[in-house]
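# What the coordinates show
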Amino acid sequence: MSQEHDISRMWTQEFWDARYAESDAIWSRDPNPRLVEHASDLSPGNALDVGSGEGTDAIWLASRGWTVTGLDLSQVAIDRAAARAATLAPDVSGRLTWLRADLLAGAPLPAEFDLVSAQFMHVPRGLFDGLYARLAAAVRPGGSLLVVGHHPDDLASGARHHDAPDILFPPEQVTALLGPRGWEVRVADAPVRLIDRDGEPMTLRDTVVHAVRRA
Ligand SMILES: C[S@@+](CC[C@H](N)C(=O)[O-])C[C@H]1O[C@@H](n2cnc3c(N)ncnc32)[C@H](O)[C@@H]1O
């Protein structure tokens, strides 16, 4: 996430609409690597991608046989994702539904899912537990919750400078919400990832949680 933006407004549709309107593409055109790593072996079913952005992850899931709802706060992002799906993946666009909704405003989640994926969906600490408990509740028995985010270690390493540091979270902040009787936590980890930032190699740490709801 760019540091030049006023993140005190990061929880508003206006912020994200303006952010997406700045350029034709703000995220990679490749699916998030942790999604590919942890969802490739899952049997396709119904998936919810929250904070679906420009739609890359949702389109990738649909191309692997999933029926996907991409949900995002930003209408600009939703329109871009739908247009991309129609252009880049017309053969799977029938398996994709795009939904503009504000999860922090308590938007009801449309159904129960075989996979709920949240990739870099960062919210203020005081709203985290409520949001992620709702996402977990949207996973049907036998289904997966996959949460990926920026780890707080990125602040200490200097990889990330943030004036709202409490929006970064470790895996334990997610697993604390998942009762051991209801969930099998398959992955709760903080692997490092090497990226190229403006020609400079940089190490980032991702929070990764993959939990399966016990049937
Ligand atoms: C950091 S971006 C991540 C986008 C995408 N998941 C990815 O990894 O490329 C966060 C996304 O969450 C969306 N978002 C922020 N607050 C939201 C909310 N309250 N409800 C739904 N989506 C939200 C933003 O519009 C943005 O697309």
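Scroll up to find the structure this text is about.
Residues numbered from 1 in each chain as written. Predicted model: local features only at pLDDT ≥ 70, side-chain atom pairs only at ≥ 80, totals over all residues. Heavy atoms only, no water.

Take the pattern of salt bridges next. Once the charged atoms of two side chains with opposite charge are near each other, the side chains can pair. Inspection of the entire model under this criterion finds 10 salt bridges. Between R140 and D114 there is a salt bridge, with its nearest N and O atoms 3.0 Å apart. With R140 in strand 5 (residues 139-150) and D114 in strand 4 (residues 113-119), this residue pair connects regions lying 26 residues apart in the sequence. On the basis of relative accessibility, which here comes to 27%, the residue R140 falls in the partly exposed class. When the shortest N-O distance is used, the salt bridge between R205 and D153 registers 3.4 Å. Of the two residues, R205 is situated in strand 8 (residues 200-213) and D153 in helix 6 (residues 153-156); the sequence distance between them amounts to 52 residues. The network of salt bridges with shared partners includes R34, E37, R193 and D206. (Salt bridge = Lys/Arg side-chain N within 4 Å of Asp/Glu carboxyl O. Helix = DSSP H or I, 4+ residues; strand = E, 2+ residues; numbered from the N terminus. Buried < 20%, exposed > 50% of the residue type's maximum accessible area, 1.4 Å probe, protein only.)

Every one of the 18 residues lining the ligand counts as a neighbour, but Y20, N32, G51, D72 and D102 are closest to it. The separation between an oxygen atom of the ligand and a polar side-chain atom of N32 is 2.8 Å. With the chains in place, 93% of the 590 Å² that the ligand exposes on its own is no longer accessible. Breaking the shell around the ligand down by element, the ones donating at least two residues are helix 1 (13-21) and strand 2 (67-72). (Near = heavy atom within 4 Å. Polar contact = N/O pair within 3.5 Å; in protein donor to acceptor, adjacent residues only side chain to side chain. Areas by Shrake-Rupley, 256 points an atom, 1.4 Å probe, with all protein chains shown as cover.)

Unlike most non-glycine residues, F120 shows phi in positive territory, near 60°. On the secondary structure map, F120 appears in the loop between strand 4 and helix 5 (125-137). The class of F120 is partly exposed, set by a relative accessible area of 22%.

Here we take up the side chain of S117. For S117, the location among the structural elements is in strand 4. The exposure class of S117 is buried, given its relative accessible area of 0%. Only 3.2 Å separates the side chain of S117 from the side chain of Q119, close enough to count as a polar contact. Setting aside anything within four residues of it in sequence, one finds S117 in contact with L35, L48, D49, V50 and L146. (Contact = heavy atoms within 4.5 Å.)

Examined against the element boundaries, F128 turns out to sit in helix 5. With a relative accessible area of 0%, F128 lands in the buried category. The spacing of F128 and Q173 is 45 residues in sequence and 8.7 Å in space, taken between C-alpha atoms. When near neighbours in sequence (up to four residues on either side) are disregarded, F128 contacts V123, F169, Q173, V174 and L177.

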